[in-house]
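# Survey of secondary and tertiary structure
Given next are the chains, with one letter for each unit.
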Amino acid sequence: MVPLEATPKAGPNVITPGITEGHSLQSERVFRLLVESVRDYAIFLLTPDGIVASWNPGAERMKQYKPHEIIGKPFTLFYSSADNDSGKPQMELRVAAEVGRYEEEGWRIRKDGTRFWANVIINAVRDKDGSLLGFGKVTRDITDRREAELRYRLLIEGVTDYAIYSLDKTGTITSWNSGAQRIKGYSADEIIGRHFSQFYTKEDAEAGLPARVLATAAATGHYEGEGWRQRKDGTRFWSSVVVTPLRDEAGELVGFSKITRDITDRKQLLEKIRAHAEELEVRMAESERSNAELEAFSYSVSHDLRAPLRAIEGFSDFILTDFGGQLPPQVIELLQNIVQAADRMNRLVQDLLNYSRLSRIDIQSVPVNVATAIKDASEQIEEDLRRNITSSINPALMVKAHKATLTQAIFNLVNNGLKFYPPKQTPHVDIKAYRDGHSVTIEVCDEGIGIAPQHQERIFQVFERLHTAEAYPGTGIGLAIVRRGINRMGGAVRVESSPGKGSRFFISLPAA
Ligand code: ADP
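This structure is a prediction, so every number in the text was calculated from the model and none was measured. (Residues numbered from 1 in each chain as written. Predicted model: local features only at pLDDT ≥ 70, side-chain atom pairs only at ≥ 80, totals over all residues. Heavy atoms only, no water.)

Even without being a glycine, Gln-64 presents a positive backbone phi close to 75°. Here Gln-64 shows up in the loop between helix H2 (57-63) and helix H3 (67-70). Given a relative accessible area of 31%, Gln-64 falls into the partly exposed group. Located in the positive-phi region is Lys-424, a residue other than glycine, with phi close to 75°. Counting through the fold element by element, Lys-424 comes out in the loop between helix H15 (403-419) and strand S13 (429-436). Among the residues examined, Lys-424 registers a relative accessible area of 87% and is labelled exposed. (Helix = DSSP H or I, 4+ residues; strand = E, 2+ residues; numbered from the N terminus. Buried < 20%, exposed > 50% of the residue type's maximum accessible area, 1.4 Å probe, protein only.)

Printed below as a string of structure tokens:
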């Protein structure tokens, strides 16, 4: 091989060794102009032994040499001393000469000693007979792209909460980040080159899940799922997986990216919550059942108690009326006590029956006129006490309720209001009713003895009384009936009271 002559013959930046011989002058000129106009690529020729023989503006921009500074110099100037020591430049030419072409990406050195990341293509140029005329070299500065790629790689690499890795078309692993190592236990060296199906449980792998995942991702552009996966040590974790197909510019499938998260903790938490909810449901069902049993029991007890009670009352009465004259006064008094006690027990049983019936009967709410319900309740109060009730109700006010239950509730509240007064004081109860947004509130207010704050909640329970039967008669069931009845109609009842000043009971129900 004869070294090419390093003197420009045509144009300022090019020497034309024998390379162009045989080409038309015209096309050579066009080609030269083309090369001359390219600024993003360094395009130049080398002699067979690597002497720079031409130089375009792209080369000057990239490598900083003016044509006269570099033409005739060896191309080894573009390589680091380490590359030169290892004979890399010569190796590249040898490969290009042998196979026609050499391509690589690597560091190259500018005139000022700075380096850039280059994409380099070296083509051997031969004449008709096949003898080597030299090399054409095209170099691109892809430092920016490399840096962007590097940053991207570092970014992916730095993610530890997610396993991010890529697969080729067939599912063989091609990249592996630190999150993948942390979650699955394999280092990149161990796993790259192996098939991703090994992360699946035996059952899933045998059922063909890995292939289905890739097929779905390829067909639909996306696969998302959750499932058990296996770590290197054989332990399992619950994973959330996203698979995306990777396609080249032509749309050809080249592989897949996979992002996996270990969400075992979340799954366990959800399972705990679900188990708790189920347990709660079972307990609720049990307590509902035992409540219902208790209700049924108390109903039948109350019901069965009434017959013997009636007998006690009836026989005592009978003795008093028919034999009263023959009995000593002491016995008569005792018999009267029996009748009274039986009467009280009868009322208790009656109230208990009413109370337990309230939870069993079907309560259908219909529009009920509030003024009418209040009037009906008042009419059940003894006539001479009824005078102490005042009310002014809008006659058009309607509420959604079960009429008999509402009337009963108002009656109980009014009855209490007229009952719990200091001795010798005249009772007074005032009833108000008004629309309150979507509800209607009925207020029953008295000026009686009032209720201490600590008792205001418990008085709504069955048998809760704050006084003896001697001081204020009663069974302790009235307010329990009020609350259960109002609740069953979808309403609520509450009290505001101050001892010595009086109480206000509020019923609120949906407006009709
Ligand atoms: P009863 O009236 O038969 O005792 P209730 O269930 O109606 O039963 O009332 C429970 C208790 O709440 C009463 O015993 C009384 O101590 C208290 N109470 C109810 N209403 C009033 C009121 N308007 N003023 C003061 N105390 C009241």
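Continuing now.
This paragraph deals with the side chain of Asp-83. Structurally, the position occupied by Asp-83 is in helix H4 (residues 81-85). Of the side chains with opposite charge, Lys-88 comes closest to the buried, unpaired Asp-83, at an N-O distance of 4.7 Å. Each residue touching Asp-83, except ones within four places of it in the same chain, is listed here: Lys-88, Pro-89 and Trp-107. (Lys, Arg positive; Asp, Glu negative; His and termini not counted. Salt bridge = Lys/Arg side-chain N within 4 Å of Asp/Glu carboxyl O. Contact = heavy atoms within 4.5 Å.)

Below, the discussion takes up the packing of aromatic side chains. Scanning all chains against the criterion turns up 16 aromatic pairs. Considering the side-chain rings of Trp-107 and Trp-117, the 5.0 Å spacing of their centres and the 80° angle between planes classify their relative orientation as edge-to-face. Of this pair, Trp-107 sits in strand S2 (residues 101-109) while Trp-117 sits in strand S3 (residues 115-126); the two residues are ten residues apart in sequence, bridging distant segments of the chain. The structure contains a cluster of three or more aromatic residues connected by ring pairs, namely Phe-44, Trp-55, Tyr-65 and Phe-78. Of note, Lys-267 hangs over the ring of Trp-238, and the distance from its end group to the ring centre comes to 3.8 Å. Stacked on the ring of Phe-460, the Lys or Arg Arg-483 has its end atom at 4.1 Å from the ring centre. (Phe/Tyr/Trp six-rings, centres within 6.5 Å; stacked < 30°, edge-to-face > 60°. Lys NZ or Arg CZ within 6 Å of the ring centre and 35° of its normal.)

This brings us to the pairing of strand S8 (residues 236-247). Across eight bridges, the pairing between strand S7 (residues 223-230) and S8 is antiparallel. Paired with Trp-228 across the strands is Trp-238, a residue of S8. The pairing of S8 with strand S9 (residues 253-262) spans nine bridges and is classified as antiparallel. When the bridges of S9 are listed, Leu-246 appears paired with Gly-255. (Pairing = 2+ DSSP bridges.)

This brings us to the site of the ligand. In the region of the ligand, 20 residues are neighbours, and Asn-416, Asp-446, Arg-465, Gly-476 and Leu-479 sit closest. With respect to the ligand, the side chain of Arg-465 contributes an N or O atom lying 2.6 Å from an oxygen atom. Within the contact set of the ligand, an oxygen atom lies 2.8 Å away from a backbone nitrogen or oxygen of Leu-479. Across the complex, the protein chains shield 98% of the 530 Å² of accessible surface that the ligand would expose by itself. Comparing atom positions with the cavity grids shows the ligand to sit within the largest pocket. Mapped onto the shell around the ligand, the elements with two or more residues apiece are H15, helix H16 (478-488) and strand S16 (502-510). Among the residues making up the shell around the ligand, the classes are represented as eight nonpolar, eight polar and four charged. (Near = heavy atom within 4 Å. Polar contact = N/O pair within 3.5 Å; in protein donor to acceptor, adjacent residues only side chain to side chain. Areas by Shrake-Rupley, 256 points an atom, 1.4 Å probe, with all protein chains shown as cover. 1 Å grid on protein atoms, 1.4 Å probe; cavity = no way out; pocket = protein on both sides within 12 Å on 5 of 7 lines; lining within 4 Å. Sits in = over half its atoms within 2 Å of the grid points. Nonpolar A, V, L, I, M, F, W, Y, C, P; charged D, E, K, R; others polar.)

Side chains bearing opposite charge may pair, as long as their charged atoms lie close to each other. This model, assessed by the stated rule, comprises 27 salt bridges. Asp-40 is the salt-bridge partner of Arg-61, the closest N and O atoms lying 3.3 Å from each other. Residue Arg-61 is found in helix H2, and its partner Asp-40 is found in the loop between helix H1 (25-37) and strand S1 (41-46); the two are separated by 21 residues along the sequence. A single network of salt bridges, built from pairs that share partners, joins Lys-88, Glu-92, Glu-104 and Arg-108.

Attention now moves to the nonpolar core. Note that soluble globular proteins tend to have their nonpolar side chains buried in a common cluster. Counting 43 residues, the largest nonpolar core has Val-370, Leu-406, Ile-410, Val-414, Ile-442 and Ile-507 as the members making the most contacts within it. Looking at this core, the element that brings in the most residues is H15, giving seven residues. Setting aside anything within four residues of it in sequence, one finds Ile-442 in contact with Val-370, Ile-374, Leu-406, Ile-410, Ile-431, Lys-432, Ala-433, Phe-505, Phe-506 and Ile-507. (Core = buried A, V, L, I, M, F, W, Y, C linked by side-chain atoms within 4.5 Å.)

Next up on the list: the confidence of the model for the chain. Here the chain shows a mean pLDDT of 89. Residues at 70 or above account for 95%. Segment residues 1-21: pLDDT under 50, and 38 contacts once partners within four positions in sequence are set aside and those in other chains are kept. (pLDDT = per-residue confidence, 0-100.)

Below, the discussion takes up the packing of helix H11 (residues 264-323) against helix H12 (residues 329-360). Two elements in contact, H11 and H12, have axes separated by 8 Å at closest approach and are oriented at 155°. Classified by the angle between their axes, H11 and H12 sit roughly antiparallel to one another. Between H11 and H12 lies a crossing of left-handed hand. (Axes fitted to C-alpha atoms, helices over the stretch in contact; angles between N-to-C directions. Parallel < 35°, antiparallel > 145°, perpendicular 65-115°, else oblique. Left-handed = near helix turned anticlockwise from the far one by under 90°.)

A few words on helix H10 (residues 209-220). If you check H10, its first and last C-alpha atoms are 16 Å apart, about what twelve residues at 1.5 Å a residue would give, namely 16 Å. All buried positions along H10 are accounted for by Leu-209, Pro-210, Val-213, Leu-214 and Ala-217. Looking straight down H10, one finds that the buried residues subtend no more than 140° of arc, so they occupy a single side. For H10, exposure combined with an orientation more than 90 degrees from the buried face picks out Ala-211, Ala-219 and Thr-220. Considering only its buried residues, H10 is in contact with strand S5 (162-168), helix H9 (202-206), S7, S8 and S9. (Expected span 1.5 Å × (residues − 1). Arc of directions from axis to C-beta.)

Bringing the packing of H15 against H16 into the picture now. Relative to each other, H15 and H16 sit at 145°, their axes nearing to 9 Å. Remark: the crossing between H15 and H16 carries left-handed chirality. In contact with Thr-405, Leu-406, Gln-408, Ala-409, Asn-412, Leu-413 and Asn-416 of H15, H16 contributes Gly-478, Leu-479, Ile-481, Val-482, Gly-485 and Ile-486. Classifying every residue of the contact of H15 with H16 by side-chain character gives seven nonpolar, six polar and no charged.

Turning our attention to the sheet that holds strand S4 (residues 132-141). Two modes of strand pairing occur in sheets, parallel and antiparallel, and in both the strands are linked by backbone hydrogen bonds. Taken in spatial order, the four strands make up an open sheet running S1-S4-S3-S2, and their pairing is antiparallel. Each edge of the open sheet is held by one strand with a lone partner, namely S1 and S2. Averaged over neighbouring strand pairs, the angle between their axes works out to 25° when direction is ignored. Pairing between S1 and S4: six bridges, direction antiparallel. In the sheet register, Phe-44 faces S4, and the bridge partner there is Lys-137. Contacting S1, S2, S3 and S4, helix H5 (residues 88-99) runs over the sheet at an angle of about 160° to S2. Sheet contacts for helix H6 (residues 143-158): S2, S3 and S4; angle to S3, the most-contacted strand, approximately 125°.

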